[in-house]
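Here's the letter readout for the chains.
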Amino acid sequence: MATRRDALHWFLRALAATGAAAASDADARLAGAGPPGARSPPPSAGEGYGRDPDLLHPSRPWPLRLDEAELREAAALADALLPADGTSPAASALGVHDFLNEWISAPYPVQVADRGLLNEGLERFRRELGVPRLSDAPAERVAAALAAAAAAEPGSPPETFFRRLRRVCLIGYYTSDVGAAEIGWRGGEPMASFPPPPAEVLKRLGLA
Amino acid sequence: MSSPGGGDERRVGRGGPPAGAAEPADVVVVGSGAAGGMAAYALTRAGARVILLEAGRSYDPLAETPMFNRAFEAPLRAAPTPDKPFGFYDATVEAGWDLSGEPYEARPGSEFRWFRARMLGGRTNHWGRVSLRYADHDFRGRSADGLGADWPFGYAELEPYYDRVERLIGVFGSRDGLEDAPDSPPGVLLPPPEPRAFERLLMRGGAKLGRPVVANHAAVLTLGRNGRSPCCYATPCVRGCSLAANFQSTTVLLPPALATGRLRIRSRAMATELDLAADGRARGVRFVDRLTGRTGYVPGRAVVVAAGAMESVRLLLNSRGPGAPDGVGGGSGWLGRGVMDSTGSNLWAQVPALEDLPAYNEEGVSYPHVYLPWWGLGEQRAGRLPFARGYHVEFVGGRPEPSAETFDDAFDRALGPSMGVGLKRDARRYFGSFIRLASRGEMLARPENRVEVSPDVRDRWGVPVPVFDVRWSEQELEQTRHAQRSMAELVEAAGGRVVVPPPADPARAILQPGAVIHEVGGARASKDPEAGVCDGFGRVRGAPNVYLVDGAVFPSSAHKNPTLTILAFAWRACEDLLRRSRDGHPA
């Protein structure tokens, strides 16, 4: 009968023989519960990033769909929603139109639905403004068309288009470094202890 | 391959271990989450040799956690997708409501959502860290009001284990003297972090209503412990933690277990059935390698089942032998019965006083610093409420890093038709002024809420899948109606306004069964052998060397998040297993 030690050595060799770094799975290391096991194979292109993407080196595996002309139109829309103001740049300066491209190119159901909305919305606006491309129209007319869509019947196609477009542009703008600081986020700074709110805040809230 | 010990996997008949199998481990543990990790810890440190089977891949938070990564570095700015339902950076592997090749079903007319993660440490890697003790009345509900079932023990029996678990894993909180929330002994809980501005408003509002909003109890270190660093108040716990500052089985339970030299972990090993001898005892565990599909076998003198409540019940149902025609522990008829999840409902509020605050760091431990314990025990006992069991309320607010989730329906409604320069002004104005209130309540145990295994639908390895039939009753709907109303009262008392109109019908406000991901029951512990699957130590009836130690054993599901009680139960159960082994019962 094999000894216990022989048995365990056999076990580890047998696991190594399965390949796929499985041998490391049974390896007992003190630093943690062992080294990370082999990732599940990534999905084929067009299927999203899969259930086990590399979180430390993220990548976007799907091809981008908007062409140059459509990107310019996306920038026109994004800049109408989030123009430059006294303290922060316009949306296109922060790549919000590129983010919109990433979003509507993704293969997940929410993003696929938004792709449809964007295509319909662009067509509708081109017709309304009588231009082949939104980027051909003056910025004020694009803004006026968007404002009209915002004021349309709740749940109607123009109003739905406006709300979805605005939401994606807000995400793209305010998750950027510049945008996050602009909206009032302070964080990501390791600290030894967590302080109470500043005195001026407590006073303003009547909690001092 | 994969037999630890030699030879291939020729079997001696269907029911036998492979020829040439190794000397059995003392204990085979199935699962590496809260219960399995605790079992590995308790057993190895007492001298037992353990082989642990984990269905998912090995996972190391110290190496893999994307601690300081920003949203803009991730696809879709880390927005949730079907591949990562709680966000790109969530500490999950192969997790979600629908796993490819691993279906489950619900009976027509019922819905059940089943969240699984396939990774070492299971759901302890990304859970909410809320750690609340059951009170004695939670263990003895039936004795109080005739509903559901009592546990086969009370608070006095589990209290020492609550103390031990809190000391081991590190839980912050305060001693509040509230009947629904038993206090830990002095010096056990770590100091809670300072409440954020919105939380102070809730505390003041709660005080006005006579409903104390107190410090949350969460498994996050605010002081160093056992070589682990305290929280640095800078990254979301849901990503896991490279400092080991929060509780994950992978950083708190498995490393000391491995350090004994008595633990071997076999990952990617999905247990498919227990191998049973004619007398009902388990001889080992069959598993399938999730990567290669090849089957394997681990012999053991005892088996601890800790695969996560529904997976454990499924495993027991799928393990049949001559003495166990209805599955291991199936003799009483209670296997699969009494499935529960916490009730849950949301209310979205906005507080004008929190608009346009100066920018400052509000991140804290990323999870809530306060919560509202159940204050209605007196009213319930006096029969003044149309529901028998309580709920607590959790709060999400403040200003974490902007993400896809920041611009939700509530924010959208507050913005109205805003666009242009005004939109930028409004975004700055409203950011941080929203609070999502979330009720978490007790669902009564009912035998008709059950899980079975399908006679014809199988997973990709040929193993029968669960079929759920779990439905809310009037109890849970009335509780939810009350919760929606009381949360709105608290919002008003805190100076806020409800911003997403809540549904009038509580059936539309209550989340689906399974959606809170506190599913428990299905193999309840009982005093009377005819009334449950296992005894108060999880020892399965008819299979005296099989212990079930995860949430499957719960006879009732109090509103307190189950993990702390699972950890305490598992530790106590393993000590019974060890006692019996030492007494000469090869448990």
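Small disclaimer: the values here were computed from a predicted structure and weren't measured. (Residues numbered from 1 in each chain as written. Chains lettered and ligands numbered in written order. Predicted model: local features only at pLDDT ≥ 70, side-chain atom pairs only at ≥ 80, totals over all residues. Heavy atoms only, no water.)

1. Quick word on the overall build of chain B
The cut-off we apply is this: Only runs of H or I of at least four residues qualify as helices and only runs of E of at least two qualify as strands under DSSP, and these elements are numbered from the N terminus. The globule rule used for comparison is 2.2 Å times the number of residues to the exponent 0.38, while the radius of gyration itself is calculated over C-alpha atoms. The buried label applies to any residue whose accessible area, calculated with a 1.4 Å probe on protein chains only, is under 20% of its type's maximum; exposed applies above 50%, and partly exposed to all values in between. In what follows, residue pairs with any heavy atoms lying within 4.5 Å of each other are defined as contacts. Computed with the Shrake-Rupley method and a 1.4 Å probe, the accessible areas treat only the protein chains shown as cover for residues. Residues scored as charged are limited to Lys and Arg (positive) and Asp and Glu (negative), so that His and the chain ends carry no count. Each charge is placed at NZ for Lys, CZ for Arg, CG for Asp and CD for Glu.
Counting its secondary structure elements, chain B contains 15 helices and 16 strands. Compactness check: chain B gives a C-alpha radius of gyration of 24 Å against a globular reference of 25 Å for 587 residues, within 12% of the reference. With respect to the three principal axes, the spread of C-alpha positions in chain B is 75 × 55 × 50 Å. The burial tally for chain B puts 68% of its 587 residues in the buried class. The long-range share in chain B, meaning contacts at least 24 apart out of those at least 6 apart in sequence, stands at 72%. Summed over its atoms, the accessible surface of chain B is roughly 18,200 Å², and 51% of this surface lies on carbon and sulfur atoms. Across chain B, the mean location of the 71 positive side-chain charges is 3 Å away from that of the 68 negative side-chain charges.

2. Considerations on the overall build of chain A
Along the backbone of chain A there are eight helices and zero strands. Sequence-ordered secondary structure for chain A, helices as α and strands as β, is α-α-α-α-α-α-α-α. Residue burial in chain A is summarised as follows: out of 208 residues, 48% are buried. Of the contacts formed within chain A by residues at least 6 apart in sequence, a portion of 54% connects residues at least 24 apart. Summed over its atoms, the accessible surface of chain A is roughly 9,700 Å², and 57% of this surface lies on carbon and sulfur atoms.

3. Some words on the sheet that holds strand S15 (residues 497-498) of chain B
Pairing between the strands of a sheet comes from backbone hydrogen bonds, and it takes one of two forms, parallel or antiparallel. The cut-off we apply is this: Here a strand pair is declared whenever DSSP counts at least two bridges between the two strands.
The strand order S4-S10-S11-S12-S9-S15 (chain B) describes an open sheet built from six strands, whose pairing is antiparallel. The open sheet is flanked by strand S4 (214-215) and S15 of chain B, the only strands paired with a single partner.

4. Overview of the pairing of strand S2 (residues 50-53) of chain B
Two faces belong to every sheet, and in a regular strand the side chains alternate between them. Residue and element names in this part refer to chain B. Put simply, the rule is: By convention, orient the strands away from the viewer: a clockwise path from the first strand over the helix to the second makes the crossover right-handed.
Going residue by residue along S2, you find Val50 and Leu52 tucked away on one face and Ile51 and Leu53 tucked away on the opposite face as well. Pairing of strand S1 (residues 25-30) with S2 involves four bridges; the strand directions are parallel. Each residue of the ladder has a partner; that of Val30, found in S2, is Leu53. After leaving S1, the chain enters helix H1 (residues 34-45) and then returns to the sheet as S2, a path that is right-handed. Taken together, the four bridges between S2 and strand S5 (residues 263-266) define a ladder with parallel strand orientation. Opposite Ile51, over in S5, you have Arg264 as the bridge partner.

5. Concerning the pairing of strand S14 (residues 464-469) of chain B
All names here are of chain B. In terms of burial, S14 is a largely internal element, six of the six residues being buried. Sheet topology note: the strand S3 (residues 105-106)/S14 ladder contains two bridges and is parallel. Across the sheet, residue Ala106 finds its bridge partner in S14, namely Phe468. Bridge count for strand S13 (residues 450-458) against S14 is five bridges, and the pairing is antiparallel. Looking at S14, one finds that Arg450 is bridged to Asp469.

6. What to know about the confidence of the model for chain A
Keep this limit in mind: On a scale of 0 to 100, pLDDT captures the predictor's confidence in every residue.
Averaged over chain A, the pLDDT score is 84; the fraction of residues at 70 or greater is 78%. Per-residue pLDDT stays below 50 along residues 1-35 of chain A; that stretch engages in 64 contacts with residues further than four places along the chain or on separate chains.

7. Topic: helix H3 (residues 96-105) of chain A
Residues and elements named next belong to chain A. Judged by how many residues are buried, H3 sits mostly within the fold: nine of ten residues are covered. Within H3, burial applies to Val96, His97, Phe99, Leu100, Asn101, Glu102, Trp103, Ile104 and Ser105. Among the structural elements, helix H2 (68-81), helix H4 (109-129) and helix H6 (157-174) are those in contact with the buried residues of H3.

8. What to know about helix H15 (residues 563-582) of chain B
Heads up, the rule is: Between the first and last residue of a helix there are one fewer steps than residues, each counted as 1.5 Å, and that sum is the expected span.
For H15(B), which comprises 20 residues, the first-to-last C-alpha distance of 29 Å matches the rise-based estimate of 28 Å (1.5 Å per residue) to within 8%. Counting buried residues along H15(B), 15 of its 20 residues qualify, which places the element largely inside the surrounding structure.

9. Regarding the nonpolar core
Just so we agree on the cut-off: Nonpolar core, defined: a set of buried Ala, Val, Leu, Ile, Met, Phe, Trp, Tyr and Cys residues in which side-chain atoms within 4.5 Å join the residues together.
In terms of nonpolar packing, the biggest core is built from 113 residues, with Leu43(B), Ile169(B) and Leu274(B) touching the most fellow members. Among the elements that line this core, the one with the most residues is H15(B), at eleven residues. Setting aside anything within four residues of it in sequence, one finds Leu43(B) in contact with Val27(B), Val29(B), Ala48(B), Val50(B), Val304(B), Cys574(B), Leu577(B) and Leu578(B). In this structure, Leu77(A), Leu81(A), Ala91(A) and Phe88(B) belong to the second largest nonpolar core, which totals 64 residues.

10. Considering the side chain of His392(B)
Of note, His392(B) is situated in strand S11 (residues 391-397). Setting aside anything within four residues of it in sequence, one finds His392(B) in contact with Leu132(B), Tyr371(B), Leu372(B), Pro373(B), Trp374(B), Ala438(B), Ser439(B), Arg440(B), His559(B), Lys560(B) and Asn561(B).

11. Observations concerning the sheet that holds S14(B)
All names here are of chain B. As a reminder of what qualifies: Each axis is a line fitted through C-alpha atoms, and for a helix only the stretch in contact is used; angles between axes span 0 to 180 degrees, taken between their N-to-C directions.
Read from one edge to the other, the open sheet built from three strands follows the order S3-S14-S13, with strand pairing classed as mixed. With one partner strand each, in any of the chains shown, S3 and S13 form the two edges of the open sheet. Lying on the sheet, helix H9 (residues 309-317) is in contact with S13 and S14; it crosses S13 at an angle near 60°.

12. Digging into the interface of chain A and chain B
Put simply, the rule is: When two components associate, each loses some accessible surface as probed by a 1.4 Å sphere; the sum of these losses over both components is called the buried area. By convention in these notes, a salt bridge is any Lys or Arg side-chain nitrogen within 4 Å of a carboxyl oxygen on Asp or Glu. Polar contacts here mean pairs of N or O atoms no more than 3.5 Å apart (in protein, one a potential hydrogen donor and the other a potential acceptor; neighbouring residues in sequence count only if both atoms are side-chain atoms). Nonpolar residues are Ala, Val, Leu, Ile, Met, Phe, Trp, Tyr, Cys and Pro. Charged residues are Asp, Glu, Lys and Arg, and all others, Gly as well, are polar.
In this complex, chain A contributes 96 residues to the contact, which on the side of chain B involves 103 residues. Interface area, chain A with chain B, both sides summed: about 8,500 Å², of which 62% is carbon and sulfur. The largest contributions to the chain A side of the interface with chain B come from Arg51(A), Leu55(A) and Phe194(A), which together make up 11% of the buried area. Applying the counting rule to chain A against chain B returns six salt bridges. Among the salt bridges present, the one from Glu182(A) reaches Arg428(B), with a minimum N-O distance of 2.0 Å. Here chain A is connected to chain B by 29 residue pairs in polar contact (both at pLDDT 80 or more). Of the residues assigned to the side of chain A that touches chain B, the class counts are 57 nonpolar, 19 polar and 20 charged.

13. Some details on the packing of aromatic side chains
Our working definition: Centres within 6.5 Å make a pair out of two Phe, Tyr or Trp rings, where for Trp the six-membered ring is used; the pair is then stacked when the planes are under 30 degrees apart, edge-to-face when over 60, and tilted otherwise. Charge over a ring is defined by NZ of Lys or CZ of Arg lying within 6 Å of the ring centre and within 35 degrees of the ring normal.
Per the stated rule, a full pass over the model turns up 37 aromatic pairs over all chains. Taking the centre distance of 5.9 Å and the plane angle of 35° together, the rings of Tyr174(A) and Phe407(B) count as tilted. Taken together, the residues span two chains, with Tyr174(A) in helix H6 and Phe407(B) in the loop between S11 and helix H11 (409-415). By relative accessible area, Tyr174(A) is classed as buried at 0%. The class of Phe407(B) is buried, set by a relative accessible area of 2%. Put simply, the rings of Tyr173(A), Tyr174(A), Phe407(B), Phe411(B), Tyr430(B) and Phe434(B) pair up and form one aromatic cluster. Over the aromatic face of Trp97(B) sits the side chain of Arg113(B), whose NZ or CZ is 4.2 Å from the ring centroid. Of note, Arg579(B) hangs over the ring of Phe537(B), and the distance from its end group to the ring centre comes to 5.6 Å.

14. Some thoughts on the environment of Glu575(B)
All names here are of chain B. Following the sequence through the fold, Glu575 ends up in helix H15. As a C-alpha pair, Glu575 and Pro195 span 380 residues in sequence and 38 Å in three-dimensional space. Apart from residues no more than four positions distant in its own chain, Glu575 is found in contact with Tyr161 and Arg164.

15. Considering the pattern of salt bridges
Residues and elements named next belong to chain B. Following the criterion strictly, the structure yields 47 salt bridges over all chains and no others. Between Glu362 and Arg399 there is a salt bridge, with its nearest N and O atoms 2.8 Å apart. Of this pair, Glu362 sits in the loop between strand S9 (343-350) and strand S10 (370-372) while Arg399 sits in the loop between S11 and H11, and the two are 37 residues apart along the sequence. Across the pair, Arg399 and Glu362 agree in class, each one buried. Bridged by salt links that share partners, the residues Glu94, Glu102, Arg118, Arg290, Glu311, Arg314 and Asp459 form one connected network.

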